[in-house]
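Survey of secondary and tertiary structure
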Amino acid sequence: MVVETHSRKIEGGYFAAPGSKPPKAGATRRRDAQPIKTTFRKLYDRGEFPISVVHDSNGNKLNWQVSFSTLDYHVVLPLFFTGLSETVEPYAFIARQGVHDLLSHGGDRVLQVVPQLIMPIKDALNTRNPSVVCRTLKVLQHLVQCQSEIGLALVPYYRQILPVFDLFKSRNGTHRFPKNCP
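So, here is what we can say about the structure in this document.

The rules we used
- Residues numbered from 1 in each chain as written.
- Predicted model: local features only at pLDDT ≥ 70, side-chain atom pairs only at ≥ 80, totals over all residues.
- Heavy atoms only, no water.
- Axes fitted to C-alpha atoms, helices over the stretch in contact; angles between N-to-C directions.
- Helix = DSSP H or I, 4+ residues; strand = E, 2+ residues; numbered from the N terminus.
- Parallel < 35°, antiparallel > 145°, perpendicular 65-115°, else oblique.
- Contact = heavy atoms within 4.5 Å.
- Buried < 20%, exposed > 50% of the residue type's maximum accessible area, 1.4 Å probe, protein only.
- Polar contact = N/O pair within 3.5 Å; in protein donor to acceptor, adjacent residues only side chain to side chain.
- Core = buried A, V, L, I, M, F, W, Y, C linked by side-chain atoms within 4.5 Å.
- Expected span 1.5 Å × (residues − 1).

A separate point is the packing of helix α3 (residues 91–106) against helix α5 (residues 130–145). With their axes 10 Å apart at the nearest point, α3 and α5 run at an angle of 10° to one another. Here α3 is positioned roughly parallel relative to α5, judged by the angle of their axes. On the side of α3, the interface is formed by A92, R96, V99, H100, L103 and S104, while α5 contributes R135, K138, V139, H142 and L143.

Further remarks concern the environment of S57. Relative to the assigned elements, S57 resides in the loop between β3 (51–56) and β4 (59–64). Owing to a relative accessible area of 72%, S57 belongs among the exposed residues under this scheme. A polar side-chain atom of S57 sits 3.5 Å from a polar atom in the side chain of D56.

With that settled, consider unusual backbone geometry. Here the amide bond leading from E89 into P90 is cis, since omega sits at 10°, within 30 degrees of zero. Located in the positive-phi region is R128, a residue other than glycine, with phi close to 60°. Mapping R128 onto the fold places it in the loop between α4 (109–125) and α5.

Quick look at the nonpolar core now. In this structure, W64, Y73, L77, F80, F81, L102 and L143 are the most contacted members of the largest nonpolar core, which totals 40 residues. At the level of elements, α1 (39–45), β4, α2 (73–82), α3, α4, α5, α6 (150–154) and α7 (158–168) are the ones that each hand at least two residues to this core. Counting residues per element, this core draws most heavily on α4, at eight residues. Aside from chain neighbours lying at most four places away, what touches L77 is L102, L103, V110, V113 and L117.

Over its 16 residues, α5 runs 23 Å from end to end, which matches the ideal 22 Å to within 8%, given 1.5 Å per residue. Those residues of α5 lying buried are P130, V132, V133, C134, R135, T136, V139, L140, H142 and L143. Tucked into the core, α5 has its buried residues touching α2, α3, α4, α6 and α7.

In short, the description is geometric, and any link to function would need to be established separately.
Here you go:
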């Protein structure tokens with residue numbers, strides 16, 4: 001802003017010093033200053049999930065100790081979705097792989113749980129951590145692809161999910177998501 005007063009030009013804003021710029025708002029800054037101990041981590045540490053990690057030559061896998069048909073998806077799936085905001089291993093791997101396993105074997109039961117998944121998805125996106133946001137996007141893709149009606153079931157919740165995507169849409173080359181997003 002340039003203001004002319006009688007014979008001289010003054011640069012800067014009304015209260016700003018000449019040549020200064022306004023401070024950055026920090027809308028896309030990471031919000032994980034304090035590591036949060038999610039409900040997923042607490043329950044996993046207590047051994048309440050019917051899973052174990054199998055270390056294989058092809059990589060790690062989850063061994064489910066119960067069949068997927070006996071799991072209560074209204075309880076288990078939202079708990080695994082809360083683990084999406086984890087950044088510490090092995091919790092991040094277990095949550096990510098558990099979500100993908102549950103979505104792959106869920107069938108019609110996933111659609112009924114969609115309203116309970118919105119808050120964990122929103123919390124994971126609000127960390128603004130690029131790897132967590134990327135992981136959550138991949139899970140959202142898998143969620144929508146696992147049953148045809150899930151895309152329509154997410155429409156009422158767009159107002160809660162889409163604002164974070166709006167922040168990341170204009171990121172340039174230096175702030176892109178990781179190429180090897182898990």
